[in-house]
Structure formats: C-alpha cells, structure tokens
Amino acid sequence: MGAPPGYRPSAWVHLLHQLPRADFQLRPVPSGFAPQEQEYQQALLLVVALAGLGLGLSLIFIAVYLIRFCCCRTPEPSGAKSPPPGGGCVTWSCIAALLVGCAGIGIGFYGNSETSDGVSQLSSALLHANHTLSAIDHLVLETVERLGEAVRTELTTLEEVLAQRTELVAAARGARRQAEAVAQQLQGLAFWRGVPLSLLQVAEDVSFVEEYRWLAYVLLLLLELLVCLFTLLGLAKQSKWLVIVMTVMSLLVLVLSWGSMGLEAATAVGLSDFCSSPDTYILNLTQEETGLGSDILNYYFLCNQAVSNPFQQRLTLSQRALANIHSQLQGLEREAVPQFPSAQKPLLSLEETLNVTEGNFHQLVALVHCRGLHKDYGAALRGLCEDALEGLLFLLLYSLLSAGALATTLCSLPRAWALFPPSDDYDDTDDDDPFNPQESKRFVQWQSSI
C-alpha cells in the first residue's frame, strides 16, 4: 500500500517496532498493531509493569541505603564541631542530581510541547477532512434541490407554454429527464451522508483528551521544578525542616515519574506499531465504523494510479447530461422564443440554474478527487507518527532523568541533613528572646549571682 504524501516511517518507528513483545505468560506476541486482541493488550501492560518494577527496585534500593546509613553510621564524638570528611562531596552530589533533574524538566517541557503540536496537527487534519466532506454534502444537496425546483416549476411551465408544438414539448421533456438523471447521479457523490462516524466529534474528543494530558504534564513538571528549587534552597540555608518536606515531596514525584514513564513507554511502543503500517488498520477500522465500500476507502486512503475513482462513472454521466441539457435549452431558445415569447422567461431561469449547477459540478469534481482527503490523511499521520512520537520519546527521556536524579537526591539528602550544624533550628531566633536557650541560660546564671 502506498504511503500518504510526505509521510515515511521514521527510524524511531522502525526501532521501537522491532522490540520484542510478550504477554503475561512471556510468550512472544507479534508486533502488528492489534489493540483489540488480548495478547497485544497484555504486551503493552507488561511494558507498564516494567516501569512499576523499576519503581519497586528504586524504592527498595533507597530504603536499604537509608537503613544502612542510619544503622551503621559511626557515632560522632561529643563536642566535635568540624564536619566529617566527605561531607562536601555528598552535598555537591545532591546538588548535581538536582541540576540534572532541572535539565530533565526542560526536556520534559519540550517533549510535552512537541506531543501537543502533533496531536493538534492530527485534530486540524480531521477538522479539514470534515469540512471537505461537509462541503460535498452541502453542494450535492443544494444542486439536487435546485434541479428539482427547476423540474417542478420552469420545465413544467415551459411544457405548458409549448403544448401546441409536440416536438418542442418532447425537447422540454428530454431536458426534464436529463435534469432528473443529473440529480440522481449527484446524490451518489454524497457518500458520507448518513455515516455514523463524525470526524468533528473525533477531533473534539482528541482535543479534549490532549488538553488534560498537556495540563497534567505541565503540573507534574512544575511540581518537580518547585521540589528541585526548594531542595536547593534548603541545602543553601541548611534548613532541616525544608529538607525534610522536600524529601517527602521528592518521594512523591519519584513515584509519579516512574508511573508516567510506564505510560509513555507503552504509548510509544503501541504508536510505533501503528505507524509502521497504518493503512491496513485504518482501512479496516473505518470500514467497520462507517459501513462504506472498500473501493471508496481504498481510493481515498491510497490515492494512486492503481486505484480507480469509484465516482468516475457518475461524474461522466452527469457531465454528459449537463451538456445535453445545455444543448436542448439552446435549441428551444432558437425555435420556441420567436413563436412563444412567454417561453423566454422560464428558459432564462433554466439557463441560470444550469450555470449554477455546472459551477457546483466543477467544485464537486475537485472535492471528490482523492487529493484533498488523502493530503489530510497524510497530515494526520505526520502529526501523530512524527511530532507526537518524538514528543513522547523526549517525555520518556525526561522521566528517566527525573527518576535517576530523584533517587540520587533521596539517598543524598539524609547524609547532607546530618551535616547541618545543630544551631540550624535557632538561626532565625532573636538573641533577646527569653525562649532562646542561650538567653535562658544566661538569665539563670544572672539570677543565681544575685
């Protein structure tokens, strides 16, 4: 099957498509896109489960590290004021991890924007295709109604006026039959009328879901950014309470990062399977949802020389019928108007209707051709399989950097917290405050001396 213009599966699509897949029993699953099959669903869920396994291992590692740090720490001699050796290295490693996390946040914002652009391109292509199909339906309806009105009024009037000339009445009735044939042939061009699938509704649903997905990622990125900034502030000010709060928040963001990583990986794998060969799946799905014939769907989705236009016969017959009507009206104008002056008005009205019908017919020929809808199909695939997939990969990279940086931070923060001076809790107290321990001690000594 031919690919849409301008779309070729990228290297990332080929690479992800080649990754092995397995169900819950670890049996191999074909990489063809089949979301309705249980084995394929299990394969994608297994990708999400791998992210859950990574989260579990991270939490176990952090817990073991912290338990070892708390239980196996060498007690500091009383009165020691100098920090233990290696304290600066711990602090700087924590700061480096937070800076890596900030860099990952920047990558996440870029990936979120790319994904949103790709989905927006998909939605715009669906709206443009819906506009084309609606324009076809509108032109067909308008033209058929105009021809029907001409048959009921002008041609009927013309037959009554020319009742004395049998051959002229026969010519008028021939124009009537041709107009009815044109209306019948044009009605078959509105192939989307009555189809239960609404491209407008699909585009609105896609935009709705994407809006909330984009907002959720923005909130996650901002949350992690605040955690990184306040953690750096806590380290700079050596504030124990701020570091403790940010440690809890870092644990929460770590869980969210691993969760988003699983969803991103499963979506990227499934999207690569779809984008490697989208025509077959889209054809089958559209035929199932719309009930349209395979000849029409193949014409618009493939749009190559090997597929003939299923409307070509209708267009040819309509064009011939319009030419015959035009010829018959010209003959009636030459023969009937000199003898029946009252026939001039319906003939002029019929000429005007014929001109409008021919103009609508030429627009229908352009709209029914596969170029426009096939171009929308290619734009939708490029948005979904290029921009959106690239954005997902950047989001996946963000999640990896975020998970690694936060795990390192959670291991480093307790050690950095242990290096803070004991007076940290009283840095912000007033020296004249009677509740200050140092001031209370001096007050007791002064009272005893009295």
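Conventions adopted
Counting restarts for each chain: residues are numbered from 1 in the order of the written sequence. Reporting of local features is limited, given that this is a predicted model, to residues whose pLDDT is at least 70; pairs of side-chain atoms are given and counted only at 80 or more, and all residues count toward the totals for whole chains, interfaces and linings. Processing note: side-chain calculations cover all non-hydrogen atoms of the structure and skip hydrogens and water entirely. UniProt positions are given in the numbering used here, feature names are shortened, and annotations may be inferred rather than shown by experiment. A run of DSSP states H or I qualifies as a helix once it reaches four residues; a run of E qualifies as a strand once it reaches two. Both are numbered from the N-terminal end. Think of it in three bands: with a 1.4 Å probe and only protein chains considered, a residue is buried below 20% of the maximum accessible area for its type, exposed above 50%, and partly exposed in between. By the convention used here, residues are in contact when the closest approach between their heavy atoms is within 4.5 Å. Reported accessibility uses the Shrake-Rupley method at a 1.4 Å probe radius. Residues are deemed covered only where the shown protein chains occlude them. Per-residue confidence from the predictor is given as pLDDT, running between 0 and 100.

Identification of the protein as Protein tweety homolog from Vulpes vulpes is taken from an unreviewed UniProt entry. Recorded in UniProt under Sequence similarities (unreviewed entry), the annotation for the protein is "Belongs to the tweety family."

What follows deals with the overall build of the protein. Counting secondary structure elements, the protein contains 13 helices and zero strands. Its helices and strands taken in sequence order, the protein reads α-α-α-α-α-α-α-α-α-α-α-α-α from the N to the C terminus. A burial count over the protein gives 41% of its 450 residues as buried. Of the contacts formed within the protein by residues at least 6 apart in sequence, a portion of 81% connects residues at least 24 apart. About 24400 Å² of surface is accessible on the protein, with carbon and sulfur atoms providing 62% of the total.

Per-chain confidence: the protein averages 85 in pLDDT, with 88% of residues scoring 70 or above. In the model of the protein, helix α13 (residues 437-449) stands out as the element of lowest mean pLDDT, 49, in contrast to helix α6 (residues 199-237), which has the highest, 93. Note on residues 433-437: pLDDT is under 50 here. Beyond four places in sequence and across chains, it has eight contacts.

This part takes up the environment of L199. Relative to the helices and strands, L199 is located in helix α6. On a C-alpha basis, the gap between L199 and H131 in space is 9.2 Å, while along the polypeptide they are 68 residues apart.

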